[in-house]
Structures are given as C-alpha cells and as structure tokens.
Amino acid sequence: HLVSIDAIDELREYSETASSVRIGAAMTLTGVARRWRDAPEAFGEWLTLFASPPIRNRATLGGNLATASPIGDAAPLLMALDARVHIAGPGAPSTTLGAGRRTRELASFFTGYRRTALRTGELLTAIEIPQPYPGLLRFYKVSKRRFDDISTVAAAISMDLDPAGRVRRARFVYGGVA
C-alpha cells in the first residue's frame, strides 16, 4: 500500500526557539531553505549540492534520513549539528512526550546498513537542531559531478573552541566510507 502523508500539517511544521530549530520531517528542502533564514552557512552550501531544484522541491530531510542510505548527504551534516529526531507511533515509550512519541539522537538513529531505530508502525515526524550552532561547521562532498549527483563520500565537521583557542567540542562525521 502507498500512503500519502502530505496532508499531515505536523510533518511540515517549522519552529525556532532560543534553544533549537525544529523542522517537520515532510517539509521539502526548498521549504526548509525558505524558512530557516539564519541556518549555518554550511547548510546553505550543502543544499546547493543536494540534487537539482526540482528534486529539492519534493525531497525532505525526513525522507533522506529514513532511507538510511550510507551515502545520504543529510545525515553527516545533521549529526555534526547534534540533531535529534522525533518519532511517533503506536505505543512508542515516552514519559515526557506523551504516549506514542519519543526522541532519539540522530547519531544513534542508524542501526546498520539501511536500518534505523524506527519500529513497525512508527514515523519520523521532525528533526530538531540545538542552538547555538557550532562555531565552526563545514560540509564536504565527493561525487563524480559536483552538482546533481549522489555522494561517493560526504563529510561534516563541527567544532567549538574555548576562549584560549583549545577545542572544547568536535564532531567529525562521514558517510559512504564503511
């Protein structure tokens, strides 16, 4: 069976607070770019490398993550940003989010090759990115063609330095290198 989720408003939400940005899993990449005006520069750079405009008009962050492709471009960038995913389904355990809802760090969302922590009947509902963003964030993509091509290897690096210039926090995330 094919089920369309286009009419579920919650899946296309966008909200921003002082502590995080929340992007509905079914919001198109074009929609994300329109709404997330103060996104880190690396996000905008990544977006221009993600397929063609017609695909960005239909593709979603949720879809890119839920397919669990080891060469999906979104995962390394979002992991470098310490993103969390919101999940809903029948009976998903949670004490703070309500029955059927839970959150998970994106870094632990992928459980194997093309496998995720989603259980039967569950749906990825949103991606949440904590603020403030890292002081340094970069995204790199290796592919046969610079634009309109899937990654051979993708990498994202984020880092925060303390006032003395020492590394306080660092994330190095790679896709397609297993």
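Please refer to the structure placed before this passage.
A brief look at the structure comes next. As the structure is a prediction and not an experimental result, all values here were calculated from the model.

Next up on the list: a nonpolar patch on the surface. Taken together, the side chains of Val-3, Ile-5, Ile-8 and Leu-123 define a hydrophobic patch exposed on the protein surface, amounting to about 320 Å² of accessible area. Within the secondary structure layout, Ile-5 lies in the segment before strand 1 (14-16). For Ile-5, a relative accessible area of 31% corresponds to the partly exposed category.

Moving on, we come to the nonpolar core. One finds Ile-23, Trp-36, Trp-46, Leu-65, Leu-78, Ile-127 and Ile-129 to be the most contacted residues of the largest nonpolar core, which totals 40 residues. For this core, the leading source of residues is helix 5 (residues 74-80), giving six residues. Each residue touching Ile-127, except ones within four places of it in the same chain, is listed here: Val-21, Arg-22, Ile-23, Ala-25, Leu-61, Gly-62, Leu-65, Leu-78, Ala-83, Arg-84 and Val-85.

For the rest of this paragraph, the subject is unusual backbone geometry. Cis peptide bonds are those with omega within 30 degrees of zero, and the linkage from Gln-131 to Pro-132 qualifies with 0°. Positionally, Pro-132 belongs in the loop between strand 7 (123-130) and strand 8 (136-142). Located in the positive-phi region is Asp-82, a residue other than glycine, with phi close to 60°. Structurally, Asp-82 is set in the loop between helix 5 and strand 3 (84-88). Relative accessible area serves as the criterion here: at 22%, Asp-82 is assigned to the partly exposed category. Even without being a glycine, Arg-114 presents a positive backbone phi close to 55°.

Here is what the cut-offs are and how they apply
- What you see as residue numbers is a count from 1 along each chain, following the sequence as written.
- Local features are withheld for residues below a pLDDT of 70 in this predicted model, meaning they are given only at 70 or higher, and side-chain atom pairs are given and counted only at 80 or more; totals for whole chains, interfaces and linings count all residues.
- Excluding hydrogens and water, the side-chain figures rest on all heavy atoms present in the structure.
- Nonpolar side chains (Val, Leu, Ile, Met, Phe, Trp, Tyr) are joined into patches within 5 Å and like charges within 9 Å, using only residues with over 30% relative accessible area and no salt bridge.
- Only the protein chains shown count as cover for residues, and the accessible areas themselves come from Shrake-Rupley with a 1.4 Å probe.
- A pair is scored as a salt bridge if a Lys or Arg side-chain nitrogen falls within 4 Å of a carboxyl oxygen belonging to Asp or Glu.
- Elements are defined by DSSP. Helices are runs of H or I of four residues or more, strands are runs of E of two residues or more, and each kind is numbered from the N terminus.
- Residue exposure (1.4 Å probe, protein chains only): buried if accessible area is under 20% of the type maximum, exposed if over 50%, otherwise partly exposed.
- Throughout, nonpolar core names a set of buried Ala, Val, Leu, Ile, Met, Phe, Trp, Tyr and Cys residues whose side chains join them through atoms within 4.5 Å.
- Residue contacts are counted whenever heavy atoms from the two residues lie within 4.5 Å of one another.

Keep in mind these numbers describe shape, not what the thing actually does.
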